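Structural overview
In case you want the letters, here they are:
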Amino acid sequence: MSDIKVEGFKSSATLEALAKVFESYSEEEKKAQIKKTNGIFEMRVKNAEGKEAVWTIDLKSTGTVYKGEPKQKANVTIIMSDDTFQQLAEGKIDGQKAFMTGKLKTKGNMMFATKLDGILKAAKTKAKL
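A brief structural summary. (Residues numbered from 1 in each chain as written. Predicted model: local features only at pLDDT ≥ 70, side-chain atom pairs only at ≥ 80, totals over all residues. Heavy atoms only, no water.)

**Quick look at the layout of surface pockets**
Rules: Here the term cavity refers to a set of points on a 1 Å grid, laid over the protein atoms alone, in which a 1.4 Å probe fits but cannot get out; the term pocket refers to an open set having protein on both sides within 12 Å along at least five of seven lines, with lining residues being those that place an atom within 4 Å of a point. Grid points are joined across faces, edges and corners, and a volume is the space filled by probe spheres set on the points. A run of DSSP states H or I qualifies as a helix once it reaches four residues; a run of E qualifies as a strand once it reaches two. Both are numbered from the N-terminal end. Nonpolar residues are Ala, Val, Leu, Ile, Met, Phe, Trp, Tyr, Cys and Pro. Charged residues are Asp, Glu, Lys and Arg, and all others, Gly as well, are polar.
Estimates place the volume of the largest pocket at around 260 Å³. Surrounding the largest pocket, 14 residues form its lining, Gly95, Gln96, Phe99, Met110 and Thr114 being those nearest its centre. At four residues, the largest contribution of residues to the lining of the largest pocket is made by helix α4 (residues 95-100). For the lining of the largest pocket, a count of residues per class yields nine nonpolar, four polar and one charged.

In structure tokens, the structure reads:
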């Protein structure tokens, strides 16, 4: 699992926890999450030093989180800072507010991006992120 972690990114610990939650799902839970979400998120996160890291949340075919660009075309690419991602994951800011204030940018299906909040909330309750 440690292949998700990237030095200097707080987000990587959150995404690693999310990956563990997905791994802990039974086949039925995983299938339900895939059916409900049916898409791929490409997360482009910049840290304080200006370095960018990319992760993929695949809830279209595999129900996994991994480091790197998506193996299939992403439904949406979400671009934000490390701090903004942490605030989203902790529920301190919602995706819509982050988008409206310019803290979060999207490429692709913007409406699909709204599903990220639900995924983070579901994982938070299961993993106590």
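Let us keep going from here.
**Section: the pattern of salt bridges**
For clarity, the cut-off: Take a side-chain nitrogen of Lys or Arg and a carboxyl oxygen of Asp or Glu: if they are within 4 Å of each other, that pair is a salt bridge. Relative accessibility thresholds used throughout: buried, under 20% of the residue-type maximum; exposed, over 50%; partly exposed, between the two (1.4 Å probe, protein chains only).
Overall, the coordinates contain six salt bridges when judged by the stated rule. Arg44 is paired through a salt bridge with Glu52; the nearest N and O atoms lie 2.8 Å apart. For Arg44, a relative accessible area of 17% gives the class buried. We classify Glu52 as partly exposed; its relative accessible area is 39%. Residue Arg44 is joined to Glu69 by a salt bridge in which the shortest nitrogen-to-oxygen separation is 2.7 Å. Taken together, the positions of Arg44 in strand β1 (residues 39-46) and Glu69 in the loop between β3 (64-67) and β4 (76-81) put the pair 25 residues apart, joining distant regions of the chain. One network of salt bridges, in which partners are shared, links Glu42, Arg44, Glu52 and Glu69.

**Topic: the nonpolar core**
Convention followed: The nonpolar core is taken to be a set of buried Ala, Val, Leu, Ile, Met, Phe, Trp, Tyr and Cys residues, with the residues joined through side-chain atoms within 4.5 Å. The contact rule is simple, with two residues in contact once any of their heavy atoms fall within 4.5 Å.
Counting 31 residues, the largest nonpolar core has Leu18, Phe41, Met43, Ile57 and Ile78 as the members making the most contacts within it. When residues of this core are traced back to their parent elements, those giving at least two are α1 (11-24), β1, β2 (52-59), β4, α3 (82-89), α5 (110-113) and α6 (115-127). Non-local contacts of Ile78, meaning those with residues more than four positions away in its chain, are made with Phe41, Glu42, Met43, Arg44, Leu104, Lys105, Ala113 and Leu116.

**Some points on the sheet that holds β4**
Put simply, the rule is: Following DSSP output, two strands are said to pair if at least two bridges run between them. Convention adopted: a line fitted to C-alpha atoms gives each axis, helices being fitted over their contacting stretch, and angles between N-to-C directions are expressed from 0 to 180 degrees.
Judged by pairing direction, the sheet is mixed, and its five strands sit side by side in the order β3-β2-β1-β4-β5 without closing on themselves. Where the open sheet ends on each side, the last strands, each with one partner, are β3 and β5 (104-108). On average, adjacent strands in this sheet sit at an angle of 20° to one another, irrespective of strand direction. Pairing geometry for β2 and β3, over four bridges, is antiparallel. Considered in β3, the bridge of Ile57 is made with Val65. In the packing of α1 onto the sheet, the strands contacted are β1, β2 and β3, and the crossing angle to β2 comes to about 15°.

**Some remarks on the packing of aromatic side chains**
Here is the rule: In this analysis, rings of Phe, Tyr and Trp, with Trp reduced to its six-membered ring, are considered paired at centre separations within 6.5 Å, and the interplanar angle assigns stacked below 30 degrees, edge-to-face beyond 60, and tilted for intermediate values. Remark: a charge is flagged as sitting over a ring if the NZ atom of Lys or the CZ atom of Arg is within 6 Å of the ring centre and within 35 degrees of the ring normal.
Applying the stated criterion to the full structure yields three aromatic pairs. For the pair Phe9 and Trp55, a centre-to-centre distance of 5.8 Å together with 80° between the ring planes defines the contact as edge-to-face. With Phe9 in the segment before α1 and Trp55 in strand β2, this pair connects stretches of sequence that are 46 residues apart. Here Phe9 matches Trp55 in class, with each residue buried. For Lys71, the ring lying beneath its charged end belongs to Tyr66, and the centroid distance is 3.5 Å.

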